[in-house]
Amino acid sequence: MESFDGVARDERAVLTYLVGELWRRVGDVNLAHGWFGRVASEVVDPQSQQWVIDAARQQRDCPREWFG
């Protein structure tokens, strides 16, 4: 994941979020926060990818298991 080799540029924000979520779920809050913090910088279309920025912020600041 560090180099994102082979990952389409428009998919990187979601993958970054998911890595953060995995770290959160295994209990490493520091690594999770680092990955969540990178999400916005990986976004290529802020209008269509705002949801992933919002999800990363939610899980960083006040995590929950279900969205809705």
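Residues numbered from 1 in each chain as written. Predicted model: local features only at pLDDT ≥ 70, side-chain atom pairs only at ≥ 80, totals over all residues. Heavy atoms only, no water.

**Some thoughts on the nonpolar core**
Selection criterion: Grouping buried Ala, Val, Leu, Ile, Met, Phe, Trp, Tyr and Cys residues that are joined through side-chain atoms within 4.5 Å yields what is termed a nonpolar core. Relative accessibility decides the category of a residue: with a 1.4 Å probe and only protein chains considered, values under 20% of the type maximum give buried, values over 50% give exposed, and everything between is partly exposed. What counts as a helix is a DSSP run of H or I of at least four residues, what counts as a strand is a run of E of at least two, and both are numbered from the N terminus. A contact between two residues is defined here by any heavy atoms of the two lying within 4.5 Å.
Listed in full, the 10 residues of the largest apolar core are Ala13, Tyr17, Ala32, Phe36, Val39, Val43, Val52, Ile53, Ala55 and Ala56. At the level of secondary structure, the elements contributing two or more residues to this core comprise helix H1 (12-26), helix H2 (29-42) and helix H3 (46-61). A per-element tally of this core places H3 first, with 4 residues. In this structure Val52 touches Ala13, Val14, Tyr17, Val39 and Val43, once residues within four positions along its chain are discounted.

**Considering the packing of H1 against H3**
The cut-off we apply is this: Orientation is described by lines fitted to C-alpha atoms, with helices fitted over the stretch in contact, and by angles between N-to-C directions that extend from 0 to 180 degrees. The labels follow the angle: roughly parallel below 35 degrees, roughly antiparallel above 145, roughly perpendicular from 65 to 115, and oblique for the rest. Each crossing gets its handedness from the near helix: less than a right angle anticlockwise from the far helix is left-handed, clockwise is right-handed. Only Asp, Glu, Lys and Arg are considered charged, only Ala, Val, Leu, Ile, Met, Phe, Trp, Tyr, Cys and Pro nonpolar, and every remaining residue, Gly among them, polar.
Contact geometry for H1 and H3: axes closest at 10 Å, N-to-C directions at 20°. Classified by the angle between their axes, H1 and H3 sit roughly parallel to one another. Helix-helix and strand crossings are classified by hand; for H1 and H3 the assignment is left-handed. Of the residues in H3, those in contact with Ala13, Val14, Tyr17, Glu21 and Arg24 of H1 are Gln49, Trp51, Val52, Ala55, Ala56 and Gln59. Considered class by class, the residues forming the contact of H1 with H3 number 7 nonpolar, 2 polar and 2 charged.

**A short note on H1**
Because an α-helix completes one turn every 3.6 residues, residues spaced three or four positions apart along the sequence face the same direction. Filter applied, for reference: Any helix carries an expected span of 1.5 Å times its number of residues minus one.
Given a rise of 1.5 Å per residue, 15 residues ought to cover 21 Å, and the 21 Å separating the end C-alpha atoms of H1 matches this to within 8%. What H1 keeps buried is the set Ala13, Thr16, Tyr17, Val19, Gly20, Glu21 and Arg24. Where H1 terminates, the next one or two residues include Gly27, which has phi positive at roughly 100°.

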